[in-house]
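# Descriptive structure summary
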Amino acid sequence: MKKFLFLTLILISSAIIVSCSSDDEPKAKFRDITLNCGQSYTIADADAQWTTSNEYIVSVSKNVITAERVGEALISSSKGEFKVTVNGVAPEAYFIPYTNWGATQSSVKNFMKEYTIFAEEPKALGYSVGAYSYVLYSFNEDRLNTAITIIDGNYVDDNTIFDFMYERYILFDINQDINTYYFLTTDQKTLIAFASNNIESGVVYMIAYMPYDKSRSLNDIKNQFDFAIPKMAASQFIGIPFK
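Residues numbered from 1 in each chain as written. Predicted model: local features only at pLDDT ≥ 70, side-chain atom pairs only at ≥ 80, totals over all residues. Heavy atoms only, no water.

## Structural notes on the side chain of Arg-69
Condition: Helix and strand labels come from DSSP, where a helix needs a run of H or I of at least four residues and a strand needs a run of E of at least two; each type is numbered from the N terminus. For every residue, the accessible area (1.4 Å probe, protein chains only) is compared with the maximum for its type, and the residue is labelled buried under 20%, exposed over 50%, or partly exposed between those bounds. Charge convention: Lys and Arg are scored as positive, Asp and Glu as negative, and His as well as the terminal groups of each chain are ignored. Any Lys or Arg side-chain nitrogen found within 4 Å of a carboxyl oxygen on Asp or Glu counts as a salt bridge. Whether two residues are in contact is decided by their heavy atoms, any of which lying within 4.5 Å being enough.
Its location among the elements puts Arg-69 in the loop between strand S6 (64-67) and strand S7 (71-77). No salt bridge forms around the buried Arg-69; measuring N to O, its nearest opposite-charge neighbour Glu-68 is 5.2 Å away. Apart from the residues lying within four places of it in its own chain, the contact partners of Arg-69 are Cys-37, Tyr-56, Ile-57, Val-86, Tyr-166, Glu-167, Arg-168, Tyr-169, Ile-170 and Thr-186.

Okay, here's the thing in structure tokens:
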């Protein structure tokens, strides 16, 4: 009888162990990787169904992933997961402004402390960020709501700027009438408009950033840009020491 109970206990224990190991089987560990924009990578496990946390940064087709834009994405399946970091290859065309929407002026000043400030008003800050570019910030009730990078076209051409932007942002529309291109950031939190303007000394490029409110349509916000860009072009260059 004791022998029977002992054997029964062993069988029950074995069943529990088998059950636990089946349910709690650890996922395989995959190595995090770094790719340049445009590069592809083949995952060794072709049987799993792989997904990406952000298709705008890294896209997935079966077990092949492609680096689309600068950033980080998590690639995962039932077999495991790994992080992909995507770097850009285009030359750095301009300074990307601070876009923590809702930040105070003091936060922006702290972020820009290494750069020369040339304008300071209750609702605006202006900085020189190099030999040929400037950044303007505007505030509503001391909260950041717009950032604009202005570039002297005598030093950088539009193709260089486009290459830099295409590696980071999603192009979704073009307005040929006012020569403006519209982008979204890969986290879809910021809308960007790129426009060129002719001034006395040559061409000036303007890249305007503003928060994307998902409760409004992209066309609605784009129209707001279309209305504001001519005014910005007329007023924001005042006081900027273009050569």
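Back to the write-up after that little detour.
## Let's talk about the packing of aromatic side chains
The cut-off we apply is this: The aromatic pairing rule takes the rings of Phe, Tyr and Trp, using the six-membered ring of Trp, and pairs them if the centres are within 6.5 Å, calling planes under 30 degrees apart stacked, those over 60 edge-to-face and the rest tilted.
Applying the stated rule across the entire model yields 19 aromatic pairs. With a centroid separation of 5.9 Å and an interplanar angle of 50 degrees, the aromatic rings of Tyr-166 and Phe-183 are classed as tilted. Of this pair, Tyr-166 sits in helix H3 (residues 158-166) while Phe-183 sits in strand S14 (residues 180-185), and the two are 17 residues apart along the sequence. Judged by centre distance (6.2 Å) and plane angle (45 degrees), the ring pair of Phe-172 and Tyr-182 falls under tilted.

## Digging into the sheet that holds strand S12 (residues 143-152)
Using the following cut-off: In this analysis, strands are considered paired if DSSP registers two or more bridges between them. Under this scheme, a helix contributes an axis fitted over its contacting stretch, all axes are lines through C-alpha atoms, and angles between N-to-C directions fall in the 0 to 180 degree range.
Strand order across the open sheet formed by 8 strands is S9-S10-S11-S12-S16-S15-S14-S13, with antiparallel pairing between neighbours. Because the sheet does not close on itself, it has two edges, and the strands there are strand S9 (116-121) and strand S13 (169-175). When strand polarity is set aside, the average angle formed by the axes of neighbouring strands in this sheet is 20 degrees. Strand direction decides the pairing type here: S14 and strand S15 (residues 190-199), joined by 5 bridges, are antiparallel. By the bridge assignment for S15, Phe-183 is matched with Ile-192.

## Digging into unusual backbone geometry
For Glu-141, which is not glycine, the phi dihedral falls at a positive 55 degrees. Inspection of the secondary structure assignment puts Glu-141 in the loop between strand S11 (133-140) and S12. Glu-141 gets classed as exposed once you look at its relative accessible area, which sits at 71%. A positive phi angle is found at Gln-188, which is not glycine, with a value near 55 degrees. Relative to the assigned elements, Gln-188 resides in the loop between S14 and S15.

## What to know about the pairing of S12
Across the 10 residues of S12, 8 count as buried, placing the element largely inside the fold. Looking at chain direction, S11 and S12 are connected through 8 bridges and run antiparallel. Within S12, the position partnered with Val-135 by the bridge is Thr-149. Inspection of the sheet shows S12 paired to strand S16 (residues 202-211) by 6 bridges, in the antiparallel sense. The residue bridging Ala-147 from the neighbouring strand is Tyr-209, located in S16.

## Examining the nonpolar core
Put simply, the rule is: Throughout, nonpolar core names a set of buried Ala, Val, Leu, Ile, Met, Phe, Trp, Tyr and Cys residues whose side chains join them through atoms within 4.5 Å.
Membership of the largest hydrophobic core comes to 30 residues, with the highest contact counts inside it found for Tyr-94, Tyr-137, Ile-161, Met-165, Phe-194 and Ile-207. Those elements that place two or more of their residues in this core are strand S10 (124-128), S11, S12, H3, S14, S15 and S16. Considering every element that reaches this core, the biggest residue donor is H3, with 4 residues. In contact with Met-165, not counting residues within four places along its chain, are Tyr-94, Phe-183, Ile-192, Phe-194 and Ile-207. Core analysis: the next-biggest nonpolar cluster, separate from the first, contains 15 residues, Ile-33, Ala-48, Trp-50 and Val-58 among them.

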